[in-house]
Every structure is written in C-alpha cells, then in structure tokens.
Amino acid sequence: MNFDELKTLADAIRGEVAKAIIGQDEIVDHLLIALFSSGHVLLEGPPGTAKTFLAQCFAATLNLDFGRIQFTPDLMPGDIIGSNLFNFQSSTFTLTRGPVFCDLLLADEINRTPPKTQAAMLEAMQERAVTIDGETHKLSPQFMVVATQNPIEQQGVYPLPEAQLDRFLFKLLVGYPDADEEKRIVVQYGARTGAPGPADFGIRTLADETILAAAADVVKSVKLVDDVVDYIVRLVRATRETADLENGASPRAAIMLASAARARAAIAGRDYVIPDDVKALAPSVLRHRTLLSPAAEIEGRQVDAIIEDLVDRTEAPR
C-alpha cells in the first residue's frame, strides 16, 4: 500500500459511513486517524446524538471481530475480561473469554459503571492483554476501543479515572446537529420503524486485518522532522506550565499526538507531518488529559479555550 491508496481507502470509508450518519465529518476523520495509529477513542455527548450508531457504522466498514459491552452500574470486571469457570465433567478450570477478546470493542456508556470495573480496562487498553487469575492473555494486535459516554453533569454517571482517560488517544465532543442537518436526519429516519442498523443503509466492508496492517506500515513511514517533534514537546509541556491548569498532559500525550499527526498526514496523502497536523489534533488529544485550576474554574474558564490559547501562543516551526 502507498500513500495514494491509503488516502483512497480513507475517503471510501468516509463515504460508507456517510450513508447512515449525517454530519459528524470531523468525528469520522478522528476515528480514521485513531484506527491507523492504533489509538482508542472516547465519544462524549448527550443521549440521542448517534454516538453508538456512529461507532457501529464505522465498525461495519471493517472486516474485524466486533465486540460490544453495555456498561451498567452492576457490571463486574469478569463480565468484561472473562473468568476461569470450573468444569465439573473434566474437573478442570476453563477460560470463558469476555467481550474484550475482539478486534474492535464498542464500550457503550462507559462511565455508567463504578471505578472498580473501569480498572479492568486499563491493562487491555495499554498493553492489549488481560490478566485472569495470574495468567496473561494477549488480545488482538488490532484491538481498539471506541467508547461512548454521557456528560459528567448527567445523572447516574461516574468520572473515569485519570489513568484510564490518559489511555484514550482522543476525546471527541459529539454535539447537536445544526438545523439543516437535523431536518435531513428526521427525513431519513422519521419514516423508519424500529432501530435501523448499518446493513439497512448498505454499508460495505472495505478493510480487513491485512489492509489495516499495510496501512499501519504506511503511517510509520511518515517523516516527522526534529522541528515538528520539538513543537509537539513544547506544546505538551506548556500545559504543565500554565497557571490555568492544575494538571498538565503526560509524556504519553506527546507520543500519541505525534502518532496521530503521522496518521493525519498519511490519510491526506502526505509522507511528512506539518505543524497544521499537530494544531488540528491538539485539542482532541489534550482536553481529557488536563484539569482546570481552582482559580480558572471559579472564573468559568473552559479547558478547550485554554488549550486553543496555548496552541496560539506556542510558536510553530515554519
């Protein structure tokens, strides 16, 4: 696979998702970038904004083993990773694998389960492995989590642990559509009965494990010059030096921002990263890794506004 072929594949996936999803073009672009850079994605927005259906349509374009977990307050860690069950016929323990053993996992309403259960996702997201009764089991090399969550202000949700948030490449904010898009949504879906699925819109499968592995090799070949690396590091370090943020982004954020910038360049058909790649992705990479200072919170400041200000003030290479 070369850069032109990767760009063509990305455009085709966008087109297939657009058969069912109206708007959300930027969200789909970020999903593509995460797919080609082996990252996880957190979608946050109010109920009814098609977060789950968007993830399902995106998964439908990929010939990968798809798993889904509906997170609830009574969900236990074993319900996610699986457990060893005793077989009375053979008098041995048999591993019953949980839904995490898949290629693409939809973690629906991930913040509706307590922190104890959330901890079961940490090893899977970071190491693509899970440990059950002291034995480590490898997950798929393609393992990717697309999680949805409702805003923390809503009822019945738990804040995700910082360690888990840091494992997501992107946190994407799914908002309400504009008036024209909402009218098109009502026209397209208003005459349907029941909950439609991706197959109802004729979404085709366009990529499998072999194609995605080839795409990953293309992304790895994208050039990242020292000036752009220095720019990424200065931008991430700026989040730790401003008085507006209590906690800044980790070194993992810089690594992930570089990987995502490579993928963004690749799906645009370029074999090199430009500063605009970094600027475009910085809010999505950094917003969930930072915490407002008490003074900024009292003043009503927003994390996104502070990050955008840091991007504007951090000099980019020419």
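Use the structure listed above.
Residues numbered from 1 in each chain as written. Predicted model: local features only at pLDDT ≥ 70, side-chain atom pairs only at ≥ 80, totals over all residues. Heavy atoms only, no water.

Enquirer: Could you give me a rundown of unusual backbone geometry, with the residues and numbers involved?
Expert: The backbone of Ala50 shows a phi angle near 65 degrees, a positive value even though the residue is not glycine. Relative to the helices and strands, Ala50 is located in the loop between strand 1 (41-44) and helix 3 (51-60). With a relative accessible area of 35%, Ala50 lands in the partly exposed category. In the Ramachandran plot, Asp133 falls in the positive-phi region, its phi being about 55 degrees despite a non-glycine side chain. Position of Asp133 among the secondary structure elements: in the loop between strand 6 (129-132) and strand 7 (135-138). Asp133 sits in the exposed class, given a relative accessible area of 65%. (Helix = DSSP H or I, 4+ residues; strand = E, 2+ residues; numbered from the N terminus. Buried < 20%, exposed > 50% of the residue type's maximum accessible area, 1.4 Å probe, protein only.)

Enquirer: Got a sec to walk through the environment of Glu162? Specific residues and values, please.
Expert: In this structure, Glu162 sits in helix 7 (residues 162-165). The exposed category is assigned to Glu162, whose relative accessible area is 61%. Counting along the chain gives 128 residues from Glu162 to Thr290, while the straight-line C-alpha distance between them is 9.3 Å.

Enquirer: Kindly report on the packing of helix 1 (residues 3-18) against helix 2 (residues 25-36), identifying the contributing residues and their values.
Expert: In the contact formed by helix 1 and helix 2, the axes pass within 10 Å of each other and the chain directions differ by 135 degrees. In terms of orientation, helix 1 and helix 2 fall into the oblique class. For helix 1 against helix 2, the interelement crossing comes out right-handed. Taking contact as the criterion, the partners of Leu6, Leu9, Ala10, Ile13, Arg14 and Val17 in helix 1 are, on helix 2, Val28, Asp29, Leu32 and Phe36. Here the residues of the contact of helix 1 with helix 2 sort into eight nonpolar, no polar and two charged. (Axes fitted to C-alpha atoms, helices over the stretch in contact; angles between N-to-C directions. Parallel < 35°, antiparallel > 145°, perpendicular 65-115°, else oblique. Left-handed = near helix turned anticlockwise from the far one by under 90°. Contact = heavy atoms within 4.5 Å. Nonpolar A, V, L, I, M, F, W, Y, C, P; charged D, E, K, R; others polar.)

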